[in-house]
Amino acid sequence: MEKCVIFDLDGVLVSTDELHYQAWKRLAEELGIRGFCREDNKRQRGVSRMASLEVVLERAERTYSMEEKQELAKQKNNYYLELLANLDEGSRLPGAMETLRYLRGQGVASAVGSASKNAIVILEKTGLLPWIDKVSCGLDITKSKPDPEVFLVAAKKVGLKPGQCLVVEDSAAGIQAAAAGGMKSLAVGPLSETLGGDFCAVNLAEVTEEQWEKILGSVG
Ligand code: B16
Ligand code: MG
């Protein structure tokens, strides 16, 4: 294969942001932290678990040691895993499955580049895993987006150069990471027009085959 599309997971292929929000809210309530809201949750998108915890703790009345923070991040993940148990094919975002099928038909590799350490379980439960050639996730990296590490690892796993890869992202940090890694990007989601990607669309279902030809033609 000579080209690869690297998909971010949450907000691009699946919708898990509401589940992250519910899990963080439960933790915040237990800690007596008031006011954690959906606006805060927007800043947690695409960033690591520890960076997301810092967003919650901005509203805390005391400081927490690193040991305590690690325990809190673990606790949140347990709540999140409970919620992931209900995840199924209905959690795929519009056009996700169709796009992966189309790319395989075109001989283009598909990879995932996600900050999540739960990426594999999410792909399994939504039935997308068989359509993904390689997964680069939170378990493979030490630096979060906007650092390009997660996408560079994906390219390496697929055996292609960064210039042969296109990143699909819904976050500003992810679009910056793609550019920093020398990759073209397609921004998707409600904010897609504002993210500075090379191409943009409201969701994957809106990208026609004609547009894919143009987008893929610009890669490699
Ligand atoms: P986990 P993405 C990101 O997924 C989420 O958008 C972000 O909110 C979360 O903190 C991060 O994964 C880490 O997730 O706690 O499961 O390891 O957009 O990079 O696919
Ligand atoms: Mg995302």
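**Student:** What's the story with the overall build of the protein in this structure? I'm lost.
**Tutor:** Summing up its helical and strand segments, the protein has 9 helices and 6 strands in all. Scaling as 2.2 N^0.38, a compact globule of 220 residues should have a C-alpha radius of gyration of about 17 Å, and the protein matches this with 17 Å. Overall, the C-alpha framework of the protein stretches about 55 × 35 × 30 Å when taken along its three principal axes. Buried residues in the protein amount to 49% of all 220 residues. A fraction of 61% describes how many contacts in the protein between residues 6 or more apart in sequence connect residues 24 or more apart. Total accessible area on the protein stands at roughly 10700 Å², and carbon and sulfur atoms take up 49% of it.

**Student:** What is the right way to look at the coordination of the magnesium ion (ligand 2) in this model?
**Tutor:** For a metal bound by four donors in tetrahedral geometry, the ideal donor-metal-donor angle is 109.5 degrees, whereas six donors in octahedral geometry ideally sit at 90 or 180 degrees. Here the magnesium ion (ligand 2) is held by Asp8 (OD), Asp10 (O) and Asp170 (OD), and the distances to it run 2.0 to 2.3 Å. The sequence pattern describing where the donors of the magnesium ion (ligand 2) fall on their chain is D-x1-D-x159-D. This pair shows no difference in class: Asp8 is buried, exactly as Asp10 is.

**Student:** I keep staring at the pairing of strand β2 (residues 109-113) and nothing clicks. Help me out?
**Tutor:** The side chains of a regular strand alternate between both faces of the sheet. Counted residue by residue, β2 has 5 buried out of 5 residues, so it is predominantly covered. Neither face of β2 is exposed, since Ala109, Ala111 and Gly113 on one face and Ser110 and Val112 on the opposite face are all buried. Across 4 bridges, the pairing between strand β1 (residues 4-7) and β2 is parallel. When the bridges of β2 are listed, Phe7 appears paired with Val112. Of the strand pairs in this sheet, β2 and strand β3 (residues 134-136) are connected by 3 bridges, and their pairing is parallel. Paired with Val112 across the two strands is Val135, which belongs to β3. Handedness of the β-α-β unit built from β2, helix α6 (residues 119-125) and β3 comes out right-handed.

**Student:** Quick question: what am I supposed to make of the nonpolar core here?
**Tutor:** Ranked by size, the top nonpolar core spans 51 residues in total, and within it Val5, Phe7, Leu13, Val168, Leu186 and Trp212 carry the most contacts. Among the elements that line this core, the one with the most residues is helix α1 (residues 17-30), at 6 residues. Not counting residues up to four positions away in its chain, the partners in contact with Val5 are Leu103, Val108, Ala109, Ser110, Ala111, Leu166, Val168, Trp212 and Leu216. Ile141, Ala155, Cys165 and Ala177 belong to the second-largest nonpolar core, a separate cluster that totals 15 residues.

Definitions and limits used
Residues numbered from 1 in each chain as written. Chains lettered and ligands numbered in written order. Predicted model: local features only at pLDDT ≥ 70, side-chain atom pairs only at ≥ 80, totals over all residues. Heavy atoms only, no water. Helix = DSSP H or I, 4+ residues; strand = E, 2+ residues; numbered from the N terminus. Rg over C-alpha atoms; globule rule 2.2 N^0.38 Å. Buried < 20%, exposed > 50% of the residue type's maximum accessible area, 1.4 Å probe, protein only. Contact = heavy atoms within 4.5 Å. Areas by Shrake-Rupley, 256 points an atom, 1.4 Å probe, with all protein chains shown as cover. Donors = N, O, S within 2.8 Å, 3.2 Å for Na, K, Ca; no water. Pairing = 2+ DSSP bridges. Right-handed = clockwise from strand over helix to strand, strands pointing away. Core = buried A, V, L, I, M, F, W, Y, C linked by side-chain atoms within 4.5 Å.

Keep in mind that these numbers describe shape and distance, not what the molecule does.
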